[in-house]
Amino acid sequence: AKKAKKPKDSSNELAVCRVLLADLEAHQDAWPFLSPVRHKSVPGYRKVIKKPMDFSTIKEKLTNNLYLNLENFIVDVNLVFNNCQRFNEDDSEIGRAGHRMRRFFDKRWTELLHL
Ligand SMILES: Cc1ncccc1N[C@@H](C)c1ccc2c(c1)OCCO2
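The notes below deal with the structure included here. (Residues numbered from 1 in each chain as written. Predicted model: local features only at pLDDT ≥ 70, side-chain atom pairs only at ≥ 80, totals over all residues. Heavy atoms only, no water.)

**Some details on the overall build of the protein chain**
Our working definition: Put simply, DSSP H or I for four residues or longer makes a helix, DSSP E for two residues or longer makes a strand, and each gets a number counted from the N terminus. We call a residue buried when its accessible area falls under 20% of the maximum for its residue type, exposed when it is over 50%, and partly exposed in between, using a 1.4 Å probe and counting protein chains only. Contacts between residues were defined by any pair of non-hydrogen atoms, one from each residue, lying within 4.5 Å. His residues and chain termini do not enter the charge count, which takes Lys and Arg as positive and Asp and Glu as negative. A charged residue contributes its charge at one atom only: NZ of Lys, CZ of Arg, CG of Asp or CD of Glu.
Summing up its helical and strand segments, the protein chain has 5 helices and 0 strands in all. Tracing the protein chain from N to C terminus, the helices and strands come up as α-α-α-α-α. Over its C-alpha atoms, taken along the principal directions, the protein chain stretches across nearly 55 × 30 × 25 Å. Taken over 115 residues, the protein chain has a buried fraction of 33%. Restricting the contact set of the protein chain to residue pairs at least 6 apart, pairs at least 24 apart contribute 66%. Of note, the protein chain has its 21 positive side-chain charges centred 4 Å away from the centre of its 15 negative side-chain charges.

Here is the structure:
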(Lines give C-alpha, C1' and ligand atoms only; values in the text may rest on other atoms or scores of the structure.)
Protein backbone atom coordinates (compact mmCIF):
# COMPACT_ATOMS: atom_id res chain seq x y z
CA ALA A 1 0.00 0.00 0.00
CA LYS A 2 1.12 3.57 -0.61
CA LYS A 3 2.75 5.15 2.46
CA ALA A 4 0.62 8.12 3.60
CA LYS A 5 2.68 11.31 3.08
CA LYS A 6 3.09 13.39 6.22
CA PRO A 7 1.48 16.82 5.71
CA LYS A 8 4.17 19.54 5.34
CA ASP A 9 4.29 21.78 8.36
CA SER A 10 5.58 25.07 7.00
CA SER A 11 4.68 27.11 10.08
CA ASN A 12 8.10 26.84 11.72
CA GLU A 13 10.22 27.11 8.54
CA LEU A 14 11.38 30.64 9.35
CA ALA A 15 12.35 29.56 12.88
CA VAL A 16 14.43 26.81 11.24
CA CYS A 17 16.08 29.46 9.02
CA ARG A 18 17.07 31.50 12.09
CA VAL A 19 18.57 28.43 13.79
CA LEU A 20 20.46 27.46 10.61
CA LEU A 21 21.82 31.00 10.12
CA ALA A 22 22.96 31.21 13.75
CA ASP A 23 24.76 27.87 13.33
CA LEU A 24 26.45 29.10 10.10
CA GLU A 25 27.58 32.36 11.71
CA ALA A 26 28.97 30.52 14.76
CA HIS A 27 31.04 28.08 12.68
CA GLN A 28 34.81 28.54 12.88
CA ASP A 29 35.11 28.52 9.08
CA ALA A 30 32.45 31.23 8.57
CA TRP A 31 34.95 34.13 8.56
CA PRO A 32 35.09 34.65 4.75
CA PHE A 33 31.29 34.72 4.54
CA LEU A 34 30.18 36.88 7.48
CA SER A 35 30.07 40.21 5.58
CA PRO A 36 29.80 41.29 1.93
CA VAL A 37 33.00 40.91 -0.12
CA ARG A 38 34.37 44.47 -0.50
CA HIS A 39 35.07 44.54 -4.24
CA LYS A 40 37.68 47.31 -3.72
CA SER A 41 39.80 44.88 -1.65
CA VAL A 42 39.16 41.90 -3.95
CA PRO A 43 40.13 42.74 -7.55
CA GLY A 44 37.89 41.17 -10.16
CA TYR A 45 35.20 40.07 -7.73
CA ARG A 46 32.47 42.42 -8.95
CA LYS A 47 33.10 41.40 -12.58
CA VAL A 48 33.08 37.64 -11.94
CA ILE A 49 30.38 37.29 -9.27
CA LYS A 50 27.05 38.57 -10.59
CA LYS A 51 25.00 37.91 -7.45
CA PRO A 52 27.10 38.50 -4.32
CA MET A 53 25.69 37.06 -1.08
CA ASP A 54 26.92 36.71 2.50
CA PHE A 55 25.56 35.73 5.93
CA SER A 56 24.93 39.32 7.11
CA THR A 57 22.85 40.04 4.00
CA ILE A 58 20.90 36.82 4.57
CA LYS A 59 20.28 37.91 8.18
CA GLU A 60 19.02 41.30 6.93
CA LYS A 61 16.66 39.62 4.46
CA LEU A 62 15.41 37.24 7.16
CA THR A 63 14.76 40.18 9.51
CA ASN A 64 12.88 42.03 6.76
CA ASN A 65 10.74 38.96 5.95
CA LEU A 66 12.14 38.63 2.44
CA TYR A 67 12.23 34.82 2.64
CA LEU A 68 8.81 33.30 2.07
CA ASN A 69 9.97 29.79 2.94
CA LEU A 70 12.96 27.61 3.78
CA GLU A 71 13.61 26.95 0.09
CA ASN A 72 14.21 30.63 -0.73
CA PHE A 73 16.58 30.83 2.24
CA ILE A 74 18.52 27.73 1.11
CA VAL A 75 18.88 29.23 -2.39
CA ASP A 76 20.71 32.25 -0.89
CA VAL A 77 22.92 30.14 1.38
CA ASN A 78 23.92 27.99 -1.61
CA LEU A 79 24.66 31.21 -3.54
CA VAL A 80 27.28 32.06 -0.90
CA PHE A 81 28.96 28.67 -1.43
CA ASN A 82 28.63 28.64 -5.22
CA ASN A 83 30.14 32.16 -5.46
CA CYS A 84 32.97 30.93 -3.26
CA GLN A 85 33.64 27.90 -5.50
CA ARG A 86 33.54 30.04 -8.63
CA PHE A 87 36.02 32.63 -7.39
CA ASN A 88 38.36 30.64 -5.14
CA GLU A 89 40.63 27.69 -5.89
CA ASP A 90 39.48 24.51 -4.12
CA ASP A 91 43.00 24.35 -2.68
CA SER A 92 42.98 27.75 -0.97
CA GLU A 93 42.12 28.95 2.53
CA ILE A 94 38.80 30.48 1.44
CA GLY A 95 38.03 27.64 -1.00
CA ARG A 96 38.50 25.00 1.69
CA ALA A 97 36.43 27.03 4.19
CA GLY A 98 33.62 27.17 1.60
CA HIS A 99 33.63 23.42 1.09
CA ARG A 100 33.63 22.79 4.85
CA MET A 101 30.77 25.28 5.39
CA ARG A 102 28.69 23.74 2.58
CA ARG A 103 29.16 20.24 4.04
CA PHE A 104 28.18 21.53 7.49
CA PHE A 105 25.08 23.31 6.14
CA ASP A 106 23.85 20.35 4.07
CA LYS A 107 24.17 18.04 7.11
CA ARG A 108 22.54 20.57 9.49
CA TRP A 109 19.41 21.38 7.50
CA THR A 110 18.71 17.77 6.64
CA GLU A 111 19.03 16.94 10.37
CA LEU A 112 16.54 19.68 11.26
CA LEU A 113 14.10 18.62 8.54
CA HIS A 114 14.12 15.00 9.72
CA LEU A 115 13.25 15.89 13.32
C1 LIG B 1 34.16 34.79 0.31
C2 LIG B 1 35.25 35.48 -0.44
N3 LIG B 1 35.51 35.04 -1.69
C4 LIG B 1 36.49 35.62 -2.41
C5 LIG B 1 37.27 36.63 -1.88
C6 LIG B 1 37.01 37.11 -0.58
C7 LIG B 1 35.99 36.52 0.15
N8 LIG B 1 35.71 36.94 1.44
C9 LIG B 1 36.13 38.25 1.93
C10 LIG B 1 35.33 38.65 3.15
C11 LIG B 1 37.61 38.25 2.24
C12 LIG B 1 38.21 37.18 2.85
C13 LIG B 1 39.59 37.20 3.12
C14 LIG B 1 40.35 38.32 2.78
C15 LIG B 1 39.71 39.42 2.16
C16 LIG B 1 38.36 39.39 1.91
O17 LIG B 1 40.44 40.54 1.82
C18 LIG B 1 41.86 40.43 1.82
C19 LIG B 1 42.31 39.63 3.01
O20 LIG B 1 41.69 38.34 3.02
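**So, helix 3 (residues 55–63)**
To keep things clear, this is the line we draw: This arc corresponds to the set of directions leading from the helix axis out to the C-beta atoms.
Residues of helix 3 that are buried include every one of F55, I58 and L62, and no others. Looking straight down helix 3, one finds that the buried residues subtend no more than 55° of arc, so they occupy a single side. Buried-residue contacts for helix 3 involve helix 1 (13–26), helix 4 (70–87) and helix 5 (93–113). Looking one or two residues past helix 3, N65 carries a phi angle of roughly 55°, positive in sign.

**Some points on the site of the ligand**
Selection rule: Being near a molecule or strand, for a residue, means having at least one of its heavy atoms within 4 Å of it. Between N or O atoms, a polar contact is any pair within 3.5 Å; within protein, one atom must be a potential hydrogen donor and the other a potential acceptor, and residues adjacent in sequence are included only when both atoms are from side chains. All accessibility values rest on the Shrake-Rupley procedure with a 1.4 Å probe; residue burial counts only the protein chains present in the view. The residue classification treats Ala, Val, Leu, Ile, Met, Phe, Trp, Tyr, Cys and Pro as nonpolar and Asp, Glu, Lys and Arg as charged. All others, Gly included, are polar.
Neighbouring the ligand are W31, P32, F33, V37, V42, Y45, F87, N88 and I94. At 3.1 Å, a backbone N or O of P32 approaches a nitrogen atom of the ligand. Between a nitrogen atom of the ligand and a side-chain N or O atom of N88, the distance comes to 3.2 Å. Calculation on the ligand without its partners gives an accessible area of 450 Å², and the protein chains cover 65% of this total. Classifying every residue of the shell around the ligand by side-chain character gives 8 nonpolar, 1 polar and no charged.

**Some points on helix 4**
Condition: Expected span, for any helix, means 1.5 Å times one less than how many residues it has.
With 18 residues, helix 4 should reach 26 Å at 1.5 Å per residue; the first-to-last C-alpha distance of 26 Å fits that figure. Buried residues of helix 4: L70, F73, I74, D76, V77, L79, V80, F81, N83 and C84, and no others. Residues of helix 4 that are buried sit in contact with helix 1, helix 2 (45–48), helix 3 and helix 5. The N-terminus of helix 4 is capped by N69, whose side-chain oxygen sits 3.1 Å from the backbone nitrogen of E71.

Purely geometric numbers; function is a separate question.
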